[in-house]
Amino acid sequence: MAVKKETIETLLEESRIFHPDEQFTRQANVKNRDIYAEARANPRIFWAMQAERLDWYRKWDQVLDWEPPFAKWFVNGKLNACYNCVDRHLNTWRKNKAAIIFEGEPGDSRILTYWDLWREVTQFANVLRMLGVRKGDRVAIYLPMIAEAAIAMLACARIGAPHSVVFGGFSAEALRDRINDAGAKLLITADGGWRRGKIVPLKRNADAALTECPSVDKVLVVKRTGQEVPMQDGRDYWYDNLVVGVTVGGPCEEMDSEDMLFILYTSGTTGKPKGVVHTTGGYLTGVSTTHHMVFDIKDRDVYWCTADVGWVTGHSYVVYGPLANGATTVIYEGAPDFPEFDRFWAIIERYGVNVFYTAPTAIRAFMKWGEEWPARRDLSSLRLLGTVGEPINPEAWIWYHKHIGSERCPIVDTWWQTETGMIMISALPGIISTKPGSASVPLPGVEIDVVDKEGNSVMLGKGGFLVIKEPWPAMLRTIYGDNERYVREYWGKIPGHTLYFSGDGARRDYHNYFWILGRVDDVINVAGHRLSTMEIESALVDHPWVAESAAIGKAHDLKGQAISVFVTLKGKYFKELKDGSKTRAEFTSELKAHVVKKIGAIARPDDIFLTAELPKTRSGKIMRRLLRDIAEGRALGDTTTLADPAVCRELKEKYESKE
Ligand code: WT7
C-alpha cells in the first residue's frame, strides 16, 4: 500500500483555479457556503432535513443508529423507492414531463413522461408478481442500456424485490457467479443489445450462465434486437407476451428504511467480487440530495449521465437520483463512436442536454478523435459538466472545459465508489472554485480525511490513505452474506475500526483540496471500470496451460490503466513455446480469450508476457510492484527482498527486447 511519488509531484504542479461565475451562483441550488458549517455542526439534523426531500409512509424514530461499523439510517421509517421516483410526481405538473429520453444505437428514440413511466413500471411490477416474485426475493437484471433497464429496476423496487444488475459486458460465467451469490430467483434479460452495429448476445450468455444457476426458475426476456433466440419451455417468457392485458397501476410495497434496495457486485482485492448491499431510505436520501446539489438540477433541465446501469453511477445518477428529483434523464444504448465520432454531441444537440456527466477515459478518447467532432454540433444548451471514475488529468479537464463547455460551464469532478452509493467529494458548482485534476472538497455532511497506516491525519501536502470518518446515509451496509468481509475490508485495515478505508490514496493541498492518487490496493481501474488483479489471475490459472500469473495495472493514455499480465506456463507447454511447436501469439491470444470468457471483454489483458519465472520474495510473494516498474519501463525499485534478484533483471531485459 504505497502512494506513487511521481503522481504526487505532477499534481502539485497544477495550480490553475476556476471560480464560479456570478451568474451561475445566483441561480444555483446551493448559493451559501454556510451549508458546510451547518452540516458539520449537526450532521444528523442535516441529513434528516435532506430526508424530507422524500415521501415517507412513516417518518423515522431515530436518524442514525451507529454501532460501528454497522449503520441504520432513518430507523423505522417506511417508504418505497419506486413511489418516490415515479408515483409521487403524478400529483404534480411533472405528470406530463419527460422522465426518460431513450435513444437506441440504431437511432430509434422514445420519450416517456412520468405518466408513461408509471404505466410501464406498474405493469412490469405486475408481471413480476405474476411470475411469483415476492418481497425479499432477489432478481438479477442483465439488460442493455434501454429504458426497460430502468423500468425493471423500478418495478423490483416497487414490489420490494432487491435487484442485482449485472453489466451487459460481463461474460456468462461472471453472470453465473453473481446470480448464484445473490441466490436470484428470476433473471430479466433481453434477446440482445446494440453495440457498434453488432448484437451483444445477452440471451445466449444468459442461457450459458443458467445451466449452473439452481436458484433461477424463470427468465423474463425483453425484445430489443429481434433476432431468433432459443426459449426454454416453462422457464423463459417474452415480456411482450406476458404484459398483454396486465393491469396498469397497483400498490407499492411499504418498505423499511433499512430494507435492501439492491446488491451490486464490484471487484475487491480477492478473486471473488463483493456484493455491495444498499438499502432504501438512506440511499435514496443520499442520491437525491447529491444529485440536486452537485448537478444543480432544475426542472427545465435535460440531464445526461452516460454511465451504464450495470455500474453504480447508472444506479445512482441515471435512475434513482434523477428520478427521485423528478428530472429528465437520458438513456443511450450504444457506443460513443457509432456511427461516427460525434454521436454524443449529436445526442446533446438533439435533446438540448443541459447537464452532462461522463468519465475521464471517454474524454481522453474524444480528445484523440479531435475537436472537430464536437465543433460541428450545437452544444450551447450545456450549462454544467461532470466527471467520475478515475482522476482526470489536467489536460483532459482543460479540453473538456474548452471544447465541450465553451469555457462557460463549470466542471464537477466527483469522487465516490460503489460502496459510498453517492458522491462524496465534489465541488458545488455555485460556490466552490475548481482546480483541474482535483475533486475539490467533501460535500456537506461528509467527513473525509487523509491518514497514515495508523489512522493519524497526515499533514497538508502529504500523501496518505483516503478514509471516511463519519457514517453517511448512502453507505453500503454490508457485503451480501458476508459481514466479516465487510468489517475486514473496509473497517479493519486501519486500527480502531471506525475509519472507512476507501482503497484510494490521496493528498490534500494547502487549500484543503483533495487530489485522488488512485488505488493503493490490488484493484486496478481500467477505463473507469474496477477490476481486481486477483480476479484476472484466478481466471488465468484456471486455464490448463497456466502455472502462475501476475496481473498489474500499467499506465495507459486512454484507459488510465491497462491490464498487463505475466504468465508462467506449465512445463510441457513451456517446452512447446521453447521448441516453437506453438508460437507466443498462439499462447497469448488463447489466454486473452480465456480471460474474456471468465470475466468479460472489459478484462481482456492488453498484453500477456510469457516468462520462465516471476520475481518473488523469500516468502514466495510475487512482487507486483517490480512487475509494474518493468511494464512501465522504469528503473527497478528496491529488489533487496527478492529471493533471486537475477530473475527480475533478466525479466526486465527480455520484456524490453520483447523476446
Ligand atoms: C473507484 C471506485 C463511483 C463511480 C464510478 C466508479 C476511482 C472514482 C473518481 C474521481 C479519482 C475516482 C477511485 C475509487 N474514482 N471517481 N472523481 N477521481 N478517482 O465506481 O467502480 O466503485 O470505483 O474509482 O479509485 O475508489 P467504482
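Under an unreviewed UniProt entry, the name given to the protein chain is Acetyl-coenzyme A synthetase, and the organism recorded is Desulforudis audaxviator. Reading the Catalytic activity (unreviewed entry) entry of the UniProt record for the protein chain gives the comment "acetate + ATP + CoA = acetyl-CoA + AMP + diphosphate".

1. With respect to helix 12 (residues 312–324)
Within helix 12, 13 of the 13 residues are buried, which leaves it mostly tucked inside the rest of the structure. Taken from the residues just after helix 12, G326 is the one with a positive phi, measuring 70°.

2. Remarks on the nonpolar core
The biggest cluster of nonpolar side chains holds 172 residues, and the ones touching the most others in it are I188, F295 and Y320. For this core, the element with the highest residue contribution is helix 7 (residues 147–159), accounting for 11 residues. Looking at which domains feed residues into this core, each of domain 1 (22–505) and domain 2 (527–657) supplies at least three. Once residues lying within four places of it in the same chain are set aside, the contact partners of Y320 are A81, C85, M153, L154, A157, H163, L261, F262, Y283, L284, V287 and H315.

3. Here's the deal with the pairing of strand 6 (residues 139–142)
Burial along strand 6 is two-sided: the face carrying V139 and I141 and the face carrying A140 and Y142 are both buried. Alignment of strand 6 against strand 7 (residues 163–165), held across 3 bridges, turns out to be parallel. Residue I141 lies in a different strand from strand 7, and its bridge partner there is V165. Read as a crossover between parallel neighbours, the route from strand 6 over helix 7 to strand 7 is right-handed. Bridge analysis of strand 6 against strand 8 (residues 186–190) gives 4 bridges, and the strand direction is parallel. Each bridged residue has a counterpart across the sheet, and for I141 the counterpart in strand 8 is I188.

4. Side note on the site of the ligand
Around the ligand sit 17 residues in total, of which D413, T414, T418, D504 and R530 are the nearest. Contacts to the ligand include G389, whose backbone N or O atom sits 3.1 Å from a nitrogen atom. A distance of 2.9 Å separates an oxygen atom of the ligand from a polar side-chain atom of Q417. Considering only residue class, the shell around the ligand consists of 6 nonpolar, 6 polar and 5 charged.

5. Observations concerning the sheet that holds strand 17 (residues 328–332)
Read across the sheet, 7 strands follow the order 5-4-17-16-18-19-20 without closing on themselves; strand pairing throughout is mixed. At either end of the open sheet lies a strand with only one pairing partner, and these are strand 5 (109–113) and strand 20 (411–414). Taking each pair of neighbouring strands and ignoring which way they run, the sheet shows an average axis angle of 20°. Here strand 16 (residues 302–305) pairs with strand 18 (residues 355–358) via 3 bridges, running parallel. Residue pairing for strand 18: Y303 is matched across the bridge by V355. Across the sheet, helix 16 (residues 394–404) is in contact with strand 18, strand 19 (384–388) and strand 20; its angle to strand 19 comes to roughly 150°.

6. Observations concerning the pairing of strand 4 (residues 98–103)
Burial runs high along strand 4: 6 of the 6 residues are buried. Between strand 4 and strand 5, which pair antiparallel one after the other, the connecting turn spans 5 residues, and G107 there sits at a positive phi close to 110°. Two elements, strand 4 and strand 17, share 4 bridges in a ladder whose sense is parallel. Counted as the bridge partner of I100 is T329 from strand 17.

7. Let's talk about the sheet that holds strand 24 (residues 500–508)
The strands making up a sheet associate through hydrogen bonds between their backbones, and the pairing can be parallel or antiparallel. Spatial strand order, 21-22-24-25: 4 strands in an open sheet with antiparallel pairing. Only two strands of the sheet have a single partner each, and these edge strands are strand 21 (448–451) and strand 25 (514–519). Mean inter-strand twist for the sheet, computed between neighbouring axes without regard to direction, equals 45°.

8. Let's talk about the domain arrangement of the protein chain
Assigned domains of the protein chain: these are domain 1 (22–505) and domain 2 (527–657). Spacing between the C-alpha centres of domain 1 and domain 2 amounts to 34 Å. Summing both partners gives a buried area of about 1,600 Å² for domain 1 against domain 2, and 47% of it is carried by carbon and sulfur. Looking at the side of domain 1 facing domain 2, the largest losses of area belong to E173, S267 and R364, adding up to 30% of the total buried there. Taken together, domain 1 and domain 2 are joined by 3 salt bridges. The salt bridge involving E173 is made with K598; its shortest N-O contact spans 2.7 Å. Taken together, domain 1 and domain 2 are joined by 13 residue pairs in polar contact (both at pLDDT 80 or more). Where the side of domain 1 that touches domain 2 is concerned, the elements lending two or more residues are helix 8 (172–182) and helix 14 (360–369). Among the elements that take part in the side of domain 1 that touches domain 2, helix 14 stands out by supplying 4 residues, more than any other.

Reading guide: rules and limits
Residues numbered from 1 in each chain as written. Predicted model: local features only at pLDDT ≥ 70, side-chain atom pairs only at ≥ 80, totals over all residues. Heavy atoms only, no water. UniProt positions renumbered as here; feature names shortened; annotations may be inferred. Buried < 20%, exposed > 50% of the residue type's maximum accessible area, 1.4 Å probe, protein only. Helix = DSSP H or I, 4+ residues; strand = E, 2+ residues; numbered from the N terminus. Core = buried A, V, L, I, M, F, W, Y, C linked by side-chain atoms within 4.5 Å. Domains from an automatic or database assignment. Contact = heavy atoms within 4.5 Å. Pairing = 2+ DSSP bridges. Right-handed = clockwise from strand over helix to strand, strands pointing away. Near = heavy atom within 4 Å. Polar contact = N/O pair within 3.5 Å; in protein donor to acceptor, adjacent residues only side chain to side chain. Nonpolar A, V, L, I, M, F, W, Y, C, P; charged D, E, K, R; others polar. Axes fitted to C-alpha atoms, helices over the stretch in contact; angles between N-to-C directions. Buried area = accessible area lost by both parts, 1.4 Å probe. Salt bridge = Lys/Arg side-chain N within 4 Å of Asp/Glu carboxyl O.

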